[in-house]
Amino acid sequence: MPYGISYAGAESDYDSADAFILGIPYDRTSSFKSGAREAPFHIRRASYNFEEIHFEHGLDLPVPNVFDQGNCEDFFFPEDMMDEVKFFMRPAIKDKKFTIAIGGEHSINIPIIQCFEKDVALITIDAHLDSRDDYLGTPYSHACVTRRAAEHLGIENVFSVGVRAISREELERDDVIPHITSFEIKEKGIDWAIGKALDSVKSEHVYLSLDIDGIDPAFAPGTGTPEPFGLDPMDVKKAMNAIGDRLIGFDVTEVCPPADPSGITSVLAARCVNEALAIHAKSLR
Ligand code: MN
Ligand code: MN
């Protein structure tokens, strides 16, 4: 790959790959702390921390075959970032690869979802509802992710889990993005929450977008807009596995290495990428 190290175990060429990884070092719409553009490097480096197989999934080979495309360029305008992401993602999705994107801020999800036909649902794990029409002068801000997805996939195919920060303008409208708060999850459990999300969305295929700030800042402190009272990492693992065979793509966003001196947030992000790969590997059997 052209830029720095590739993801651990990503030794496949494109044609024989089951899974396709793209790093998107973009953070120009960040509203609080920027630095997510450094995350693809740190998450890839953290990936070397782990065993290549996951015994709890009954996997005994390093699978699936993974191709790492490297990073796209770091653009200034979101429109330029979106063009570049689509350039790489559209063929991979068309070729039925399991796509993994490593952000970057959450806005990198917007062009990925637009690459799909309308036969997929977006579930986000996020502290924020991200459903503004526009924010700080752009409709492609990281605060507009679920709104753009709802326009493309239909609001019945979007669901946010773990939310605990919603603005008045997002709540006081007729088309509020369906969501479950972290407070409800604390009361009723993650199994209930992800079950409700999976029942709610209409498409069989699910794309999961993990904004790392959905996890409590005690576990994921290195993020641009930390929000207390979040999920614990095991909740995220359980949610991913509940999606199981329905999962067709994954991204992890909003890791901010300058705010993560211990590197623990990048480690957690890489472990979630591995979890997605393991879930896909099981679906291939
Ligand atoms: Mn977000
Ligand atoms: Mn967020």
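A short tour of the structure in this document, coming up. From a predicted model like this one, the values you see are computed outputs, not experimental measurements.

As a further point, take the coordination of the manganese ion (ligand 2). Reference geometry at the metal: tetrahedral coordination by four donors gives ideal angles of 109.5 degrees; octahedral coordination by six donors gives 90 or 180 degrees. Taken together, the protein ligands of the manganese ion (ligand 2) are D126 (OD), H128 (ND1), D211 (OD), D213 (OD) and D213 (OD), with distances of 2.2 to 2.4 Å. Ordering the donors of the manganese ion (ligand 2) by residue number gives the pattern D-x1-H-x82-D-x1-D. Here the manganese ion (ligand 1) and the manganese ion (ligand 2) are spaced 3.3 Å from one another, each receiving a donor from D126. Taken together, the residues H128 in the loop between β4 (120-125) and α4 (145-153) and D213 in the loop between β7 (205-211) and α8 (233-243) connect sequence positions 85 residues apart. You'll find H128 and D213 in the same group, each marked buried.

The final tally for this structure, using the stated rule, is 7 aromatic pairs. Between F76 and F77, the ring centres sit 5.1 Å apart and the planes meet at 90°, which makes this aromatic pair edge-to-face. With relative accessibility at 54%, the residue F76 sits in the exposed group. Through pairs of rings, three or more aromatic residues link up here, namely Y14, F20 and F67. Sitting above the plane of the Y14 ring, K97 keeps its charged end 4.6 Å from the centroid.

Another point: the pattern of salt bridges. Within this structure, the stated rule accounts for 17 salt bridges. Its salt-bridge partner being R147, residue D175 comes within 3.2 Å of it at the nearest N-O pair. Within this pair, whereas D175 is found in the loop between α5 (168-171) and β6 (179-181), its partner R147 is found in helix α4, the two being separated by 28 residues in sequence. The class of D175 is partly exposed, set by a relative accessible area of 32%. Three or more residues are tied together by salt bridges with common partners; here these are D27, R28, R37 and D74.

What counts and what doesn't
- Residues numbered from 1 in each chain as written.
- Chains lettered and ligands numbered in written order.
- Predicted model: local features only at pLDDT ≥ 70, side-chain atom pairs only at ≥ 80, totals over all residues.
- Heavy atoms only, no water.
- Donors = N, O, S within 2.8 Å, 3.2 Å for Na, K, Ca; no water.
- Helix = DSSP H or I, 4+ residues; strand = E, 2+ residues; numbered from the N terminus.
- Buried < 20%, exposed > 50% of the residue type's maximum accessible area, 1.4 Å probe, protein only.
- Phe/Tyr/Trp six-rings, centres within 6.5 Å; stacked < 30°, edge-to-face > 60°.
- Lys NZ or Arg CZ within 6 Å of the ring centre and 35° of its normal.
- Salt bridge = Lys/Arg side-chain N within 4 Å of Asp/Glu carboxyl O.

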